[in-house]
Amino acid sequence: MKVIKTFFLICVLGSLCGSGLSIWAQSIILTSDQQLTDLIDPDKEIDLSIGYNKDIRSLRQICEENSRRGSEELIVAFDEFFRQYRNDSGIERQLTPDMEEYVDKIKIVSDFAKRYDLGLCLSLLSPIELGHAYKKQTGNSGRWLAYKVGFRDANTGKFNLPIWQQLYWTNNKGKSPVKLKSVKAYAFKESGGHIPYRVVKPENIVPLTQVEYESTDTMTYATHGIGQSIEMRLLHVSGEEPCVSGYDRVMVMLEYETQEMDYFNDDAPIFLKALMKKYYDKGVNLTALYSDEMHIQQDWSYFSHHENGQFAERYLTRSMAETYSRKFGQPFEDKYLLYFVYGAPNFEPFAHSVLNVQYVMGPEPEDIHRTFLLRDRYYKLLNNGVVDLFKEAKTYGESLFKRELKTGAHASWAESPTIDLWNTERLPGFPSQYEYTSNFVWSNTVHQAAAACYDYFKWGEYLQPTGNDFAECGWSDRNYYGAAMAASIGVINKYPSAYAAAWGFPDKALERRMAIDYAFGAQPPRDISMITGGVHRDVDVLTLYPLSLVAVEERFGSWITQYGYTNYLTAEKLVEMGEASVDGKLKVKDKTYGTLVVLFEPLPEKGLLDMLAQFMKNGGKVLWFGPPPLLDSEGLDCTAQWQQLAGISYQYDNYMGEIATGKEITFKESFSAVPPQTILTDFLVDRIYPVDSNDNEVVALCDGKIVGVKTDHGKGTFYYLGYRPRDDQSQSLGYETRTLFELLHAADAYPATGRVTGVNDNPSVVSRTSAYFVTAFPNTTTMVVRHYRTHCENWEGGFSRNAEKDAQALADNPLPTDIIDLNNIAINGHRITYNGKLSMAFRTGNNNRLTAFIGSHCKDIVIDGHKYSFAEQPLTKIVFIPETNDKGTVYQIQITGTGHVRLPIAAGGKSPVVKLGEKIIPSEVKGESLLLEIDGSLSGKWLQVTR
């Protein structure tokens, strides 16, 4: 038996429609031009399958179904992903939303849907779907440059390098041509440097004029992942130019024209506004914008656009280069892509030629860091420029249509670490993807950064509401990092409830995964949303998202440590949105944090260090891990200010820290209770940065060198910790590491509530020291979920599921227990005794009395010694939640099971009235309890209780 896994699209489409319920009746996902043409005949049935189960319906049938369900919106969007479940051939698209013929067809669909009072949610403002008409109108298009370096004879000028030519890119908007426009080359020479940094001054990169190439026939390569066949040609680029002597290296470059916009050209915003005006003038009833995966043109295939194992292409139009130069006051010609070259110089005849190197602009430490800054500025300019462009177009569209155009979805098509690469040979890959180990190969973060979709926080300015799907392809996110990221982008969004989608799981494993996500407040179902207030959980710690790691060494991901007991935020957004309050907290929108963790911030945002100084003066704590910064984001020397905050002295050199493979970090003084941590690799992320303590408290050592110093500032503290803190609750290496948590715990980053004597009942502390994941919400609701963190992934990761294979996978690898058995445990200010399954939530009100509750397979709960008995035998589910409106308080009740039920919701006032719709349900009041008899006709139904 084969079943379809639908949760992923429910999240994306539900965020647009306002509900995930009955979402399939509201969507038409196209996978070919022909389907759009067929759609204008409302009675022609079309294959709309999104899994193994066939779904063949007509436009009329879909609209009628929507009408019966009370829907107000019909989604019409193209998504190549689902072609795998249909008979489409996957040919190049000829109809895109910027073309007159496309708009005319959509107008017909819109008029028909309007008969059923349905507006359209269209994939309209999508970078990878616009290009045909843009080029026709403006003459401009996208421009990508692929590159590779090799040996050149310094005397004769001869060189001959092979480089792969790409022909098509395929993504969720279909197959798109990549046209080769030119082949060129630059000679360059090194002027010193070490592994991993080779010095090439910009003036020592010169263009060559006599460049030739030969091409093989088109070849099709098979690759793992989506887009399994890659059409390429192998070019041999050669030249001989003896007049350019003394240059013994060459960078060959392929110039591609891509079917997309020149995002930095002055005509880009004009074109997008005209596009919105075209739909408005045509009378298309546009009500929302389908905005899934808002990257610029690139290919889905994760690991097949590489030279020497590294991603070797970047977007760069002339107008982008000019924008870069104007903004940052430095040139950015094509030749500057040499500073993006990274990989092993295996054209050299040396043993160490297997080690990755990169090119930097000069020999001094400042030159190296300025090269990091060059790359960092490129990625941020590209990402932010695209976001701002489409945000402006969306705002203009809203002014035309006189309504908000929701854009709920996520930006990237792949995530780090989900789609990072480890070499696991015959072993399954996903169980390894929780820690940097020596078999780590490559992260897709650079692919996402090059495609303008790596900054989820900036994209939240356009994507409203937003979310992510870190737990895709069957990766379980067992360190809860992806769920924490969803909460992090959600709490700063216009709609403060982001989704954390998941797919590629057996049903039972998915249920366990989603129970964790719901406890983060990641767009949970109705009952949990009601009890939590429809927002994300609170947490005491904020961590700066390491956005600049990819600019320092592109091999690594956008994570340093996968840690779920924090919120994340980029330094740019913290400076923009945050403030250091007088009570020693960092306030960002509705959330406050007493501790800031910095994992990898080599180029701190201008203003960040000033904010940290004020934060600590007022009582805040900072834990700064990794490299001491030399330059800030403006290119200014920040060493003196940073070292004063850190209370240390650091000697900068031509390396990023020291290799300390296999050595231990040991802790002392304030951190003496923290167990030692072993350093796993020689990677950049695992380097140590020894310092002088300047007579401040030494808290960490490695091989006798100081790598941890505590310095007090006013009422607060700065902890310098020059290494990567490991933390892996998933036990992916066969044991648990928890250094980051233990350091935060020792620094009192997770304070106890003080309401339970002699124990730290903070939800994060309970979560890391028990079998239960605990979260707390602003309205004082507490959730308890059985942990799901050590169950290794052993299943296939496809979107559509094979029930027999899933059952066998779980038979071979049984799920851990979902039983919750609390015995007077201190949790978030209460002592709790409870027995049930999977998850539970409760809230107390005046006099510490239970006012709201969700429980499964339970019959009672004891809170601070007061027992609330709901039933004589455990019921499948018990829900009672108050909602306050202008007319007073209405309780929403859902009881699944049958029997006599007693709920503590009848205190004071008039006798309650229980209704199912308009039907009054018999009830009785005894003391402060409402008594109900639940039979099969009421089981699982939502009842309303009013007074």
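The preceding data block contains the structure.
Cut-offs applied
Residues numbered from 1 in each chain as written. Predicted model: local features only at pLDDT ≥ 70, side-chain atom pairs only at ≥ 80, totals over all residues. Heavy atoms only, no water. Helix = DSSP H or I, 4+ residues; strand = E, 2+ residues; numbered from the N terminus. Pairing = 2+ DSSP bridges. Axes fitted to C-alpha atoms, helices over the stretch in contact; angles between N-to-C directions. Contact = heavy atoms within 4.5 Å. Buried < 20%, exposed > 50% of the residue type's maximum accessible area, 1.4 Å probe, protein only. Parallel < 35°, antiparallel > 145°, perpendicular 65-115°, else oblique. Left-handed = near helix turned anticlockwise from the far one by under 90°.

## Observations regarding unusual backbone geometry
Between Ser416 and Pro417 the backbone carries a cis peptide bond, its omega angle lying at 20 degrees. Summarising the element assignment, Pro417 is placed in the loop between α8 (365–401) and β23 (421–422). In this structure, the amide linkage connecting Gln464 to the following residue, Pro465, adopts the cis form with an omega of 0 degrees. We note that Gln523 has phi near 40 degrees; this positive angle belongs to a residue other than glycine.

## Considerations on the sheet that holds strand β2 (residues 27–30)
Read from one edge to the other, the open sheet built from 4 strands follows the order β2-β5-β6-β17, with strand pairing classed as parallel. Bordering the open sheet on either side are β2 and β17 (286–289), each of which pairs with just one other strand. Taken pair by pair, the neighbouring strands of this sheet meet at an average axis angle of 20 degrees, ignoring direction. When strand β5 (residues 73–78) meets strand β6 (residues 119–122), the two strands line up parallel, connected through 4 bridges. Bridged to Ile75 within β6 is Cys121. Running at roughly 140 degrees to β6, helix α4 (residues 100–114) makes contact with β5 and β6 of the sheet.

## Focus: the pairing of strand β22 (residues 357–360)
Of the two faces of β22, the one lined by Val357 and Tyr359 and the one lined by Gln358 and Val360 are each fully buried. Bridging between strand β11 (residues 197–199) and β22 involves 3 bridges; their strand directions are parallel. By the bridge assignment for β22, Val199 is matched with Val360. Note: strand β21 (residues 342–343) against β22, 2 bridges, orientation antiparallel. Each bridged residue has a counterpart across the sheet, and for Gly343 the counterpart in β22 is Val357.

## So, the packing of α4 against helix α6 (residues 267–282)
Their axes nearest at 10 Å, the elements α4 and α6 cross at an angle of 40 degrees. Looking at the two axes, α4 sits oblique to α6. As α4 packs across α6, the resulting crossing turns out to be right-handed. Counted together, Glu100, Tyr102, Val103, Asp104, Ile106 and Lys107 of α4 and Lys278, Tyr279 and Lys282 of α6 form the full contact between these two elements.

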